[in-house]
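Observations on chain architecture
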Amino acid sequence: MFNKVWVILFFPFQVLAWDDVHVLAFIADTNSIIQSQKKVTGIYSVPNVLNTFLENTTLSGKVGAGGTDFQDTAYTAYAGLQFNIPLSSRKEARDFAIKQVTEKKTIDTINNKVMNDLAKLRILESEIKSSEVKLAFFKKKYKWVQERIDKGYSSEMDKLWKLGEKINAEEAEIAKNALQSKSQRHKLSRYAGNQWEVLLAYLNGNEKALGNTYG
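Attention in this report is confined to the structure presented alongside it. Note that the structure is a prediction, hence the values are computed from the model and not measured.

Our focus in this paragraph is the overall build of the protein chain. From N to C terminus, the protein chain includes seven helices and two strands. Listing every helix and strand of the protein chain by position from the N terminus yields α-α-α-α-β-β-α-α-α. Evaluated residue by residue, the protein chain yields a buried proportion of 27% over its 215 residues. Of the contacts made within the protein chain by residues no fewer than 6 positions apart, 68% connect residues no fewer than 24 positions apart.

Given below as structure tokens:
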């Protein structure tokens, strides 16, 4: 019986099924700082050829005296398009490039914070699972020793006390890490701004909380 339990201890175990990539993608689409930075960058974006043409083209018209070879009238109307070549195109491109760099730095900074917090949560969850496996083993061994004592092996009493201490220690460790992991999930969910409850549900194990877009 004990050999089987020890084999379980050395095999990897599955933690809550949330994915780092999905969390980062959801935060990128919901984080207020990132979205604000993207809006600013969009304002500084260099217009394409069509937009440049429309923005710098005006309709002009005038009326002149006298007719033409084709019309014998007192006045002749002239109309046309006037295109102004913007002299600040290089400055626009430079400003846009600067805003792109700022946006990239903002996203990288937030992503690094998120990844660090995700790593902490992974560690806490792994420690909980590890303690649960050890706790199950100690309880089984405690029951086995208890049965031996009931059969008259009083010398096993010291082992029973030590196992009881180990059981208490693991239960306390689980309670501590569970509280810290709960706090860590709330901290991570706040990166999603107004959508923090959706992200929290996902981190708590609801794999469908983020929908198909991030799944």
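Having seen the structure, we can now continue with the description.
A pair can form between side chains of opposite charge whenever their charged atoms are brought close. Inspection of every chain in the model, using the stated rule, returns eight salt bridges. Measuring nitrogen to oxygen at the nearest pair gives 3.8 Å for the salt bridge that ties glutamate 171 to lysine 139. Separated by 32 residues along the polypeptide, glutamate 171 in helix H6 (residues 157–189) and lysine 139 in helix H5 (residues 89–150) bring together distant segments of the chain. Taking relative accessible area as the criterion, lysine 139 reaches 43% and is therefore assigned partly exposed. Put simply, lysine 176 and glutamate 173 hold a salt bridge, and the shortest N to O gap is 3.3 Å. Linking lysine 176 with glutamate 173, this pair stays in helix H6, spanning three residues, or about one helical turn. Exposure remark for glutamate 173: the relative accessible area of 29% places this residue in the partly exposed category.

Leu199, Leu200, Tyr202 and Leu203 are the residues of helix H7 (residues 196–203) that are buried. The arc that holds every buried residue of H7, seen down its axis, measures 160°, which confines them to one face.

Positionally, threonine 30 belongs in helix H2 (residues 20–30). Exposure remark for threonine 30: the relative accessible area of 17% places this residue in the buried category. When the C-alpha positions of threonine 30 and alanine 192 are compared, they lie 5.0 Å apart, and in sequence the two are 162 residues distant. Apart from residues lying up to four places away in sequence, threonine 30 is in contact with Gln35, Ala192, Gly193 and Gln195.

Taken together, Val40, Ile43 and Tyr44 make up a surface patch of nonpolar side chains, about 280 Å² in accessible area. Here valine 40 lies in helix H3 (residues 32–43).

A word on the packing of H2 against H3. Viewed as axis vectors pointing N to C, H2 and H3 meet at an angle of 55°, and their least axial separation amounts to 6 Å. As summarised for this structure, H2 and H3 are arranged oblique, according to the angle between their axes. Seen from H2, the contacting residues are Ile27, Ala28, Asp29 and Thr30; seen from H3, they are Ser32, Ile34, Gln35 and Lys38. Considering only residue class, the contact of H2 with H3 consists of three nonpolar, three polar and two charged.

With that settled, the discussion passes to the packing of H6 against H7. The interhelical angle for the contact between H6 and H7, taken along N-to-C directions, is 140°, at an axis separation of 8 Å. One finds that H6 runs oblique with respect to H7. The handedness of the crossing between H6 and H7 comes out as right-handed. Residue-level contacts link Arg185, His186, Leu188 and Ser189 of H6 to Trp196, Leu199, Leu200 and Leu203 of H7. Each residue belonging to the contact of H6 with H7 can be placed in one class, and the counts come to five nonpolar, two polar and one charged.

Nonpolar side chains in soluble globular proteins tend to end up buried together. Trp18, Val23, Ile27, Val114, Leu188, Leu199 and Leu203 are the most contacted members of the largest nonpolar core, which totals 18 residues. Sorting the residues of this core by element identifies H2, H5 and H7 as the ones contributing at least two each. Among the elements that take part in this core, H5 stands out by supplying five residues, more than any other. Of all hydrophobic cores here, the second largest spans 10 residues; its members include Ile128, Leu135, Phe137 and Leu163.

What counts, and where the lines are drawn
- Every residue gets a number counted from 1 within its own chain, in the order that chain's sequence is written.
- Reporting of local features is limited, given that this is a predicted model, to residues whose pLDDT is at least 70; pairs of side-chain atoms are given and counted only at 80 or more, and all residues count toward the totals for whole chains, interfaces and linings.
- Calculation of side-chain values draws on the structure's entire complement of heavy atoms; hydrogens and water are dropped beforehand.
- Helix and strand definitions here come from DSSP, where helices need a minimum of 4 consecutive H or I residues and strands a minimum of 2 consecutive E residues; each element is numbered from the N-terminal end.
- Buried, partly exposed and exposed residues are distinguished by accessible area as a fraction of the type maximum, computed with a 1.4 Å probe on protein chains only: under 20%, between the cut-offs, and over 50%, respectively.
- Two residues form a contact once any of their heavy atoms are found within 4.5 Å.
- Criterion for a salt bridge: a side-chain nitrogen of Lys or Arg within 4 Å of a carboxyl oxygen of Asp or Glu.
- The directions considered for the arc run from the helix axis to the C-beta atoms.
- Two distance rules govern patches: like charges are joined within 9 Å, and nonpolar side chains (Val, Leu, Ile, Met, Phe, Trp, Tyr) within 5 Å, applied only to residues with over 30% relative accessible area and no salt bridge.
- Note on areas: Shrake-Rupley, 1.4 Å probe, and residue coverage restricted to the protein chains presented here.
- Lines fitted to C-alpha atoms define the axes, with helix axes restricted to the stretch in contact, and inter-axis angles between N-to-C directions lie between 0 and 180 degrees.
- Working rule for angles: under 35 degrees goes down as roughly parallel, over 145 as roughly antiparallel, 65 to 115 as roughly perpendicular, anything else as oblique.
- We call Asp, Glu, Lys and Arg charged. Ala, Val, Leu, Ile, Met, Phe, Trp, Tyr, Cys and Pro are nonpolar, and the rest, Gly among them, are polar.
- Working rule for handedness: look at the near helix, and if it is turned counterclockwise from the far one by less than a right angle, call the crossing left-handed; if clockwise, right-handed.
- The term nonpolar core refers to a set of buried residues drawn from Ala, Val, Leu, Ile, Met, Phe, Trp, Tyr and Cys, joined through side-chain atoms within 4.5 Å.

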